[in-house]
Amino acid sequence: MKASKKALHHTFLVLFVVFFTYPSNSLAQTNTKKPNFIVIFADDLGYGDLSSYGHPTINTPNLDRMAMEGQKWTNFYVGASVCTPSRAALLTGRLPVRSGMASNKHRVLFPDSKNGLPASEITIAEQLKKVGYSTACIGKWHLGHKEQYLPTNNGFDYYYGIPYSNDMDYIGKGMGYQKLAQQNPEGIKTENYNVPLLRNTEIIERPANQNTITKRYAEETISFIRKSKNKPFFIYLAHSLPHIPLFASKDFSGKSKRGLYGDVVEEIDHGVGQILKALKEEGLAENTIVVFTSDNGPWLPFKTHGGSAGLLKAGKGTTWEGGMREPAIFWGPGQVKPGLITEIGSTMDLFATFGSMAGVEIPKDRIIDGVDLSETLRNHNPSPRKSILYYRGTDLFAARLGDYKAHFITQGAYGQFGERTEHETPILFNLYHDPSEQYNIAENNTEIIEGINKLVEDHKSKLVKGKDQLAERE
Ligand code: MG
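The paragraphs below set out a description of the structure included in this document. (Residues numbered from 1 in each chain as written. Predicted model: local features only at pLDDT ≥ 70, side-chain atom pairs only at ≥ 80, totals over all residues. Heavy atoms only, no water.)

1. Focus: the coordination of the magnesium ion
Donor atoms from the polypeptide that coordinate the magnesium ion comprise Asp 43 (OD), Asp 44 (OD), Cys 83 (SG), Asp 295 (OD), Asp 295 (OD) and Asn 296 (OD1), at 2.1 to 2.8 Å from the metal. Taking relative accessible area as the criterion, Asp 43 reaches 0% and is therefore assigned buried. (Donors = N, O, S within 2.8 Å, 3.2 Å for Na, K, Ca; no water. Buried < 20%, exposed > 50% of the residue type's maximum accessible area, 1.4 Å probe, protein only.)

In structure tokens form, the structure reads like this:
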């Protein structure tokens, strides 16, 4: 009797110790649960187009709150300054020149393009599927619209969106968009752009009603979140806008002080707020990372219908900072340590970062250009990325190493910012001191240029260019 009482006492003691020792472990277990990832990718939104990045009249309270609660990156880049290669870079973690998704013949894919992202490429979605994620692509794809190239053949369980740019398949008459925007904005009608809207591989609407497309993309995202809440998920929400032609739904039209472009950005911002609200309602906020960025800089020739690169030089189509540096916000309460990050990052890093956080191994059979930013997100550790290579098509135009960027070739785009110029001595800028690339300091900094040259030579010596997938059209 005495002995059993002692045993009982002992059991209680063990239970007591277990109970009070293990809560920290169970917390650790919650934290090791695979996080959900949502990438919200705007189209042609510039570095200066959010209020948190300095825009004086575009009101983006939801994105601004995301930036306050999470990390606001100020030296974050895309893999190319136009749509198709930039998207290939984000999803594969590789410079588009490697996959053949960059070309000197056509800068992007068109509705009569024959090809798309090669099946041999591995997307973030394919990576995450290996460890049990549900995956959805919502919005603009632009990596091939033929069935074999669609998201559903590239690791996504679900697709809803316009498969290429919203200004394609134009069937309207008369004035082009630029003139319409200035002289007859009412003439810009969604019916004039005969773009298809797909669900998985089926066309469900044509022309897609672009007045409501931003709103519908957000709704589709929320419905996928609610459906997938019991499994880890990855959602790639690539908005068709604010790429021209601009359209906003009734609730947002005419509301922004910035005009129609502002209406569009504010509607995207509203959708971001709805998505975060849904995550909180489903109890998923603590275990989800939301990233917001844009595919390339603003399309400046469209004047007030194009965005702003803020203090950065030039825009879409160029390798000046305005073409390839973007706002980038990482939000994830419980995962992302809030702060302002001036370290260097790239959309290509999402591949390795998500892989690391989800516990999936990075492919060893190919060069991955992305690095793992997870310790910068969690603890503000220095970013492992120290350099950026700026490609235009398949040519390397510029390179950044640490503070400095050397331009070997410069060229404007769409009739602005000058003709192609090859610089015998590269022009050099200190991007921390001179983000607007105004003051060439090449003369007294030959050692810095030598260092950048070495980086470029090393890169070029190992580079195998993929077969051009953008060149062939029907
Ligand atoms: Mg774009």
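2. Comments concerning the side chain of Ser 240
Turning to its location among the elements, Ser 240 is positioned in the loop between strand 7 (233–238) and helix 9 (260–281). Looking at Ser 240, its side chain comes within polar contact range of the side chain of Tyr 217, at 2.9 Å. (Helix = DSSP H or I, 4+ residues; strand = E, 2+ residues; numbered from the N terminus. Polar contact = N/O pair within 3.5 Å; in protein donor to acceptor, adjacent residues only side chain to side chain.)

3. A look at the nonpolar core
Core analysis: the biggest nonpolar cluster contains 62 residues, and Ile 38, Met 66, Leu 279 and Phe 292 have the highest contact counts within it. Broken down by element, this core gets its largest block of residues, nine residues, from helix 9. Once you skip the residues sitting within four places of it in the chain, Met 66 turns out to touch Val 272, Leu 276, Val 290, Phe 292, Ile 329 and Trp 331. Counting residues in each nonpolar core, the second largest holds 42 residues, with Val 39, Ile 122, Leu 198 and Ala 238 among its members. (Core = buried A, V, L, I, M, F, W, Y, C linked by side-chain atoms within 4.5 Å. Contact = heavy atoms within 4.5 Å.)

4. Structural notes on the packing of helix 3 (residues 61–69) against helix 9
Direction vectors running N to C along helix 3 and helix 9 enclose 55°, while the axes themselves pass 7 Å from each other. The orientation of helix 3 with respect to helix 9, classified from their angle, is oblique. Across from Pro 61, Asn 62, Leu 63 and Met 66 in helix 3, the residues of helix 9 making contact are Asp 269, His 270, Val 272, Gly 273 and Leu 276. Along the lines of polarity and charge, the residues of the contact of helix 3 with helix 9 split into five nonpolar, three polar and one charged. (Axes fitted to C-alpha atoms, helices over the stretch in contact; angles between N-to-C directions. Parallel < 35°, antiparallel > 145°, perpendicular 65-115°, else oblique. Nonpolar A, V, L, I, M, F, W, Y, C, P; charged D, E, K, R; others polar.)

5. What about the sheet that holds strand 11 (residues 387–392)?
On the basis of which strands lie adjacent, the open sheet formed by four strands has the order 11-12-13-14 and antiparallel pairing. The open sheet is flanked by strand 11 and strand 14 (421–430), the only strands paired with a single partner. Strand-to-strand twist in this sheet, taken as the mean axis angle between neighbours without regard to direction, amounts to 15°. Bridge count for strand 13 (residues 404–410) against strand 14 is six bridges, and the pairing is antiparallel. The residue bridging His 407 from the neighbouring strand is Ile 427, located in strand 14. Here helix 13 (residues 446–462) sits on the sheet and contacts strand 11, strand 12 (395–401), strand 13 and strand 14; the angle it forms with strand 12, its principal contact strand, is near 130°. (Pairing = 2+ DSSP bridges.)

6. A word on the state of the cysteines
Covalent bonding between the sulfur atoms of two cysteines defines a disulfide. For the coordinates displayed, the defined rule picks out zero disulfides. Unpaired in terms of disulfides, Cys 137 finds its nearest cysteine sulfur in Cys 83, a separation of 14 Å. (Disulfide = S-S within 2.5 Å.)

7. Considerations on the environment of Leu 63
Mapped onto the elements, Leu 63 comes out in helix 3. Spatially, the C-alpha atom of Leu 63 lies 9.7 Å from that of Glu 266, the residues being 203 residues apart in sequence.

8. Describing the sheet that holds strand 10 (residues 339–346)
Reading across from one edge, 6-5-4-3-7-1-8-9-2-10 is the order of the 10 strands in this open sheet, with mixed pairing throughout. Each having just a single partner strand, strand 6 (202–205) and strand 10 make up the two edges of the open sheet. Between one strand and the next, the sheet's axes are offset by a mean angle of 20°, whatever the strand orientation. The pairing of strand 2 (residues 71–77) with strand 9 (residues 325–331) spans five bridges and is antiparallel. Counterpart to Tyr 77 in the pairing with strand 9 is Arg 325. Together, strand 1 (36–42), strand 3 (134–139), strand 4 (158–161), strand 5 (197–199), strand 6 and strand 7 form the strand contacts of helix 8 (residues 213–227), whose direction differs from that of strand 7 by roughly 180°. Sitting on the sheet, helix 9 touches strand 1, strand 7, strand 8 (288–294) and strand 9, and the angle it makes with strand 8 is about 170°.

9. Regarding the environment of Met 175
Structurally, Met 175 can be placed in the loop between strand 4 and helix 7 (177–183). Separated by 13 residues in the primary sequence, Met 175 and Ile 188 place their C-alpha atoms 9.8 Å from one another. Filtering out sequence-adjacent residues up to four positions away, Met 175 remains in contact with Tyr 170, Leu 180, Gln 183 and Asn 184.

10. Quick word on the pattern of salt bridges
Within this structure, the stated rule accounts for 29 salt bridges. Between Glu 375 and Arg 378 there is a salt bridge whose closest N-O contact spans 2.9 Å. One end of the pair is Glu 375 and the other is Arg 378, both in helix 12 (residues 374–379) and three residues apart, which spans about a single turn. Here the salt bridges do not stand alone but share partners, grouping Arg 226, Lys 229, Lys 277, Glu 281 and Glu 282 into one network. (Salt bridge = Lys/Arg side-chain N within 4 Å of Asp/Glu carboxyl O.)

11. A short note on the packing of aromatic side chains
All told, the structure shown has 20 aromatic pairs when counted by the stated rule. Between Phe 76 and Phe 330, the aromatic rings sit 5.8 Å apart at their centres with planes inclined by 70°, giving edge-to-face as the arrangement. One end of the pair, Phe 76, is in strand 2; the other, Phe 330, is in strand 9, and 254 residues separate them in sequence. For the pair Phe 76 and Phe 330, one class covers both residues: buried. Arranged with centres 6.4 Å apart and planes meeting at 70°, the rings of Tyr 193 and Phe 247 form a pair that is edge-to-face. Here Tyr 193, found in the loop between helix 7 and strand 5, pairs with Phe 247, found in the loop between strand 7 and helix 9; they are 54 residues apart in sequence, far enough to count as distant. In this structure, Tyr 193 and Phe 247 share a single accessibility class: buried. In this structure, Lys 72 is placed above the aromatic ring of Tyr 53, and the distance from its NZ or CZ to the ring centre is 4.9 Å. The lysine or arginine in question, Arg 473, covers the ring of Phe 110, its NZ or CZ lying 4.1 Å from the ring centre. (Phe/Tyr/Trp six-rings, centres within 6.5 Å; stacked < 30°, edge-to-face > 60°. Lys NZ or Arg CZ within 6 Å of the ring centre and 35° of its normal.)

12. Quick look at the side chain of Glu 267
Along the chain, Glu 267 falls in helix 9. Buried charge without a partner: Glu 267 forms no salt bridge, and the closest opposite charge is Lys 215, 6.0 Å away. Among residues more than four places away in sequence, those in contact with Glu 267 are Thr 214, Lys 215, Ala 248, Ser 249 and Phe 252. (Lys, Arg positive; Asp, Glu negative; His and termini not counted.)

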